[in-house]
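Structural description and commentary
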Amino acid sequence: MKTIFTSLLLTSCISALAQCPVDLNGNGTVDGSDLLMLLSSYGLSCEGLPIYEPKISEIHYNPSTEQGTDTEWEFVEIYNPHEFGLQLGGWKLADAINATVPNETYMEPNSYIIFANDTTSYLGELPPFTILLPFSSSSNLHNGGETIRLLRADGSESNQVTYSDYNGWPSEPDGGGSSLEWRGTSYDNLLPESWVSSNAFGGSPGSANSAWAD
Ligand SMILES: [Ca+2]
Ligand SMILES: [Ca+2]
Ligand SMILES: [Ca+2]
């Protein structure tokens, strides 16, 4: 009887983990330690499970002519707001621009990756330990707006932002000198009202956005 109960419990645990294959401890794999966290904190339900993934946090789609050309200075920033580091090898940006995160890339807690149209512009310009990666050739950010998708290594979508320069989106980032900055973790970054133009000329690549200051 006891054996049957144990095996039933084990079966339901395994099916719980299969339904919500979440890398709870952010170590890059879903395994027994995630199962233990799942059971101790969330029981057998996936409801309320946190998702530890980065977010698209800043878009510099039309640098001002004072700063230079778009080809030199465009960037997209993603931010890991979690207390866990994240394995991001094989993740991609798609649609507006294409870029691939190299295998074995580890994103520290509370850190940033900058995808730059021209990485040489940002060499030595970013805070230490900011990961700097290139757009793949021939992609760029349209000045009228488009969709940026952040894809997991398996190709599924983690996050997307369709930015614009009107319809509730701030227009200053469209060549006025500032970037488009996400207001932070309590704002849905899909919505225009969750974005503001940066206080800093050229934005805040690799650093906290203007609206996050205390
Ligand atoms: Ca420009
Ligand atoms: Ca542009
Ligand atoms: Ca920033």
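Okay, so let's go over this structure.

The rules behind each value
- Residues numbered from 1 in each chain as written.
- Chains lettered and ligands numbered in written order.
- Predicted model: local features only at pLDDT ≥ 70, side-chain atom pairs only at ≥ 80, totals over all residues.
- Heavy atoms only, no water.
- Core = buried A, V, L, I, M, F, W, Y, C linked by side-chain atoms within 4.5 Å.
- Buried < 20%, exposed > 50% of the residue type's maximum accessible area, 1.4 Å probe, protein only.
- Helix = DSSP H or I, 4+ residues; strand = E, 2+ residues; numbered from the N terminus.
- Domains from an automatic or database assignment.
- Contact = heavy atoms within 4.5 Å.
- Donors = N, O, S within 2.8 Å, 3.2 Å for Na, K, Ca; no water.
- Lys, Arg positive; Asp, Glu negative; His and termini not counted.
- Salt bridge = Lys/Arg side-chain N within 4 Å of Asp/Glu carboxyl O.
- Polar contact = N/O pair within 3.5 Å; in protein donor to acceptor, adjacent residues only side chain to side chain.

Among the nonpolar cores identified, the biggest contains 37 residues, and Ile56, Ile59, Phe115, Leu141, Ile148 and Tyr163 are the most heavily contacted of them. Among the secondary structure elements, those contributing two or more residues to this core are α2 (32-42), β1 (55-60), β2 (75-80), β7 (111-116), β8 (131-134), β9 (147-151) and β11 (180-182). For this core, the two domains that each supply at least three residues are domain 1 (2-42) and domain 2 (55-206). When neighbours within four sequence positions are excluded, isoleucine 59 is seen to be in contact with Phe75, Leu141, Ile148, Val161, Tyr163, Ser179, Leu180 and Trp195. Counting residues in each nonpolar core, the second largest holds six residues, with Trp73, Phe75, Ile114 and Leu126 among its members.

With that settled, consider the coordination of the calcium ion (ligand 2). Looking at the calcium ion (ligand 2), the protein donor atoms are Tyr61 (O), Asp70 (OD), Glu74 (OE), Leu141 (O) and Asn143 (OD1), and they sit 2.2 to 2.4 Å from it. Between the donor residues of the calcium ion (ligand 2), the gaps in sequence give the motif Y-x8-D-x3-E-x66-L-x1-N. A relative accessible area of 2% means that leucine 141 is categorised as buried.

Another aspect to go through is the coordination of the calcium ion (ligand 1). The coordination sphere of the calcium ion (ligand 1) contains the protein donors Asn62 (OD1), Pro63 (O) and Asp70 (OD), at a distance range of 2.0 to 2.3 Å. Sequence spacing of the donors to the calcium ion (ligand 1): N-P-x6-D. Between the two metal centres, the calcium ion (ligand 1) and the calcium ion (ligand 2), the spacing is 5.7 Å, with aspartate 70 acting as a shared donor. According to the relative accessible area criterion, asparagine 62 is buried, its value standing at 12%.

The subject of this paragraph is the side chain of glutamate 146. Note that glutamate 146 resides in the loop between β8 and β9. Lacking a salt bridge, the buried glutamate 146 has arginine 149 as its closest oppositely charged neighbour, with an N-O distance of 12 Å. One polar contact links the side chain of glutamate 146 to the main-chain amide nitrogen of histidine 142, over a distance of 2.7 Å. Once you skip the residues sitting within four places of it in the chain, glutamate 146 turns out to touch Ala96, Asn140, Leu141, Val161, Thr162 and Tyr163.

The next subject is the pattern of salt bridges. Within this structure, the stated rule accounts for two salt bridges. Salt-bridge contacts for arginine 149 lead to glutamate 157; the nearest nitrogen and oxygen are separated by 2.6 Å. By relative accessible area, which is 25% here, arginine 149 ends up partly exposed. Given a relative accessible area of 31%, glutamate 157 falls into the partly exposed group.

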